[in-house]
Amino acid sequence: MKISVIGSGYVGLVTGACFAKLGNDVVLVDIDAERVDMINRGEVPFYEPGLGEILKEGLAQGKIEAITDTISSVKWADVVFICVQTPTTPDGSVDITYVRAATKSVGEGLREREDTGYPVVVVKSSVVPGTTEFLVKPILEDLSGKKAGVEFGLAMNPEFLREGAAVKDFLEPDRIVIGALDEKSRNILSSLYSGFNCPLLHTNLVTVEMIKYASNAFLATKISFINEIANICESVPGLDVLEVARGIGLDHRVNPQFLNAGVGFGGSCLPKDLKALVAFVEDKGNYEPKLLKSVLEVNDFQPLRLVDLAVRVLGSLSGKRVSVLGLSFKPNTSDMREAPSIKIINRLLELEAEVVAYDPVARETARKELGDRITYAETVEECLKGADCCFIVTEWEQFKNLEPSDFKRLMKRPLIFDGRRVFNPEKFIAEKVDCYSVGLNKLSTS
Ligand code: UGA
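None of the values given here were measured: they were computed from a predicted structure. (Residues numbered from 1 in each chain as written. Predicted model: local features only at pLDDT ≥ 70, side-chain atom pairs only at ≥ 80, totals over all residues. Heavy atoms only, no water.)

Novice: For this particular structure, what's the right way to read unusual backbone geometry?
Specialist: Among all residues save glycine, negative phi is the norm, and among peptide bonds the norm is trans. Here the phi dihedral of Glu 352 falls at roughly 65°; this positive angle occurs in a residue that is not glycine. Mapped onto the secondary structure, Glu 352 falls in the loop between helix 13 (340-350) and strand 10 (354-358). With phi around 65°, Lys 432 is a residue other than glycine that occupies positive phi space. By the secondary structure assignment, Lys 432 is in the loop between helix 18 (425-430) and strand 14 (434-437). (Helix = DSSP H or I, 4+ residues; strand = E, 2+ residues; numbered from the N terminus.)

Okay, structure coming up:
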C-alpha cells in the first residue's frame, strides 16, 4: 500500500520504516526540513536500536522518502497516519495543537484529491477519548468538503511501542487495536495488518483511544504498586522486594513484567498519558480518579527517596561528590523526558552536593536538560573517581558488569545507592562495599 506518515518523530519514523520493511511504499512527512534531510540521508534523529538499519534499507530500495509537504503526500496515499506529538499542557491535560494542525493539512490534501480512491486517515497519536470523532472528523470534513465514511475513511490505531525496543514491538506486537468509523476503513486496515501474527482487535474510535490510555495507566499502576511494596519492604527486617515480586509475578493473572521496583517511571509516555487521563476525567467532573492520582503521587516521591536514604546514611550531602550512573529514563535510549535522574540531580544540587554523572548515550541530552550545573564524565571510571557515594539511576547493561573492586579502587568511600537493583548487595557487602538497594531492608557492612 501507499502510506503517508504525518509527523516523523519517534512513532512516525518507526511506523514508516517498519511499514516499508513490510513491502509498503512510505512517504514520511515532517514540518522540520532539517529532520527531513537527515531522514533522507538515513540518519535517525534519536537513539533507537535497529531503526537506522531498516531506514537505510527502505531508502536504498526506494520504499521510503521524507518530505515536508503534507498535502502532496495525502493526495498520493492509500492510508494516512497522523503521528504527531501530543505533549502535556501545564495543567496536565493533553495539548492537541499539533494534531489539529496536522489534521487541517490532511483535510486540505483530501480536498485536492481528484481520484476515486478511498484514502483512510488514521490517528496514531495518543489522544483522549472522543478526539478522533469529535475533533479530527469535523476538521477533515470541513476542510475537504468530503464526508467521512463515504468519500474517505477514518480510524484510530494507537501504538504500544517501547522506546529502545520499538522496531521489535512494531513487527512483533502482542496485539493490534483498530477503531474504525466504517466498514471500508476497517477492511483496509485489516489488510494492511494482515501479515501480523497476533490478535487484531476491532472496536469503535472512542474505545481504542481509551485502550491506549488505560494500557499506559495500568503499566504505570503496576510500577507504582511495586514501588510502594518496595518502600514497605525497606522498613521490615528480612524483606526484599525482588523476592516478593517474584512470588507475585508467578501468578499468571499478574505476570512478572513491570514489577521491577526502582526510582519511578519516566519517559515521554507513561507520565504524560496518565496526567492526561486524570485531567480528562476531572474535566468531565463526574468522578474523581483517586487510584490514578495516587499512582502519580507515589511516582513523584519515588526518585527522592533514594536521596533521602543517602542523607540518612551520610548526614549532610553538602560538598559531597556524588556520582550518578545513568541519566536516560531507561536503558537503550538517550531520552531524558521525565527521567527520574532529573529529579534526583535537582534534589542533590539543592542539598549542595557536587554531582558528576555518566550515561553511555544521554550525555548530550543531559547537557541540554541540566546545563553546566553538573559535571559530565566521559567514562564510568571518571564518574566514580573520588566520589563519596554513587547512585545507580538507570540499569544500563554496562553498569551490571561493575565489580566491588571497581568501586573500592576508584571512590573515596565505596558506598552505593542502587536505585535499580543492578547489583547483588550480598556480594558487594561481603567485599566491604556498602550497597543500599531499593526495596531491601538494610544490608550494610557496618
Ligand atoms: C511505554 C509503554 O511501555 C509502551 O507500551 C507504550 O507504547 C509507550 O509507553 C507509549 O505510550 O508510547 P516507554 O515509555 O518506552 O513505553 O517505556 P517503558 O518501557 O514502559 O518504561 C517506562 C518507565 O517505567 C521507565 O522509566 C522504566 O524505567 C520504568 N519501569 C518500567 C520501572 O520502573 N519498572 C518496571 O518494571 C518497568
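Novice: Help me out: how do you make sense of the pairing of strand 6 (residues 153-156) in this one?
Specialist: Burial along strand 6 is two-sided: Gly 153 and Ala 155 facing one way and Leu 154 and Met 156 facing the other are all buried. As paired elements, strand 5 (residues 120-123) and strand 6 share four bridges and run parallel to each other. Opposite Val 121, over in strand 6, you have Leu 154 as the bridge partner. Since strand 5 and strand 6 lie parallel, the crossover through helix 6 (residues 131-144) that links them has a hand, and here it is right-handed. Pairing of strand 6 with strand 7 (residues 176-180), which is carried by two bridges, proceeds in the antiparallel orientation. (Buried < 20%, exposed > 50% of the residue type's maximum accessible area, 1.4 Å probe, protein only. Pairing = 2+ DSSP bridges. Right-handed = clockwise from strand over helix to strand, strands pointing away.)

Novice: Sorry, what's going on with the side chain of Asp 240 here?
Specialist: In this fold, Asp 240 is placed in the loop between helix 9 (205-234) and helix 10 (241-249). If we skip the residues at most four places from it in the chain, Asp 240 touches Cys 233, Arg 421, Gly 439 and Leu 440. (Contact = heavy atoms within 4.5 Å.)

Novice: Would you mind showing me how to read the packing of helix 9 against helix 12 (residues 290-314) here?
Specialist: Each pair of packed helices gets described by two things: the angle between the helix axes and the distance between those axes. The interhelical angle for the contact between helix 9 and helix 12, taken along N-to-C directions, is 50°, at an axis separation of 9 Å. By the angle between their axes, helix 9 is oblique relative to helix 12. Note that helix 9 runs across helix 12; the crossing there is left-handed. Every residue of helix 12 that contacts helix 9 at Ala 217, Ala 220, Thr 221, Ser 224, Asn 227, Glu 228, Asn 231 and Glu 234 is listed here: Leu 291, Leu 292, Val 295, Val 298, Asn 299, Gln 302 and Arg 305. Of the residues contributing to the contact of helix 9 with helix 12, the split by class is six nonpolar, six polar and three charged. (Axes fitted to C-alpha atoms, helices over the stretch in contact; angles between N-to-C directions. Parallel < 35°, antiparallel > 145°, perpendicular 65-115°, else oblique. Left-handed = near helix turned anticlockwise from the far one by under 90°. Nonpolar A, V, L, I, M, F, W, Y, C, P; charged D, E, K, R; others polar.)

Novice: What should I look at first to understand the site of the ligand in this one?
Specialist: Among the 21 residues in the neighbourhood of the ligand, the closest are listed as Leu 161, Glu 163, Lys 212, Asn 216 and Cys 269. Between the ligand and Phe 160 there is a distance of 3.2 Å, counted from an oxygen atom to a backbone nitrogen or oxygen. Measuring from an oxygen atom of the ligand, one finds a backbone N or O atom of Phe 329 at 2.9 Å. Considered on its own, the ligand offers 720 Å² of accessible surface; in the complex 93% of this is hidden by protein. Looking at the shell around the ligand, the elements that each hand over two or more residues are helix 9 and helix 11 (270-284). No other element matches the four residues that helix 9 contributes to the shell around the ligand. Classifying every residue of the shell around the ligand by side-chain character gives ten nonpolar, four polar and seven charged. (Near = heavy atom within 4 Å. Polar contact = N/O pair within 3.5 Å; in protein donor to acceptor, adjacent residues only side chain to side chain. Areas by Shrake-Rupley, 256 points an atom, 1.4 Å probe, with all protein chains shown as cover.)

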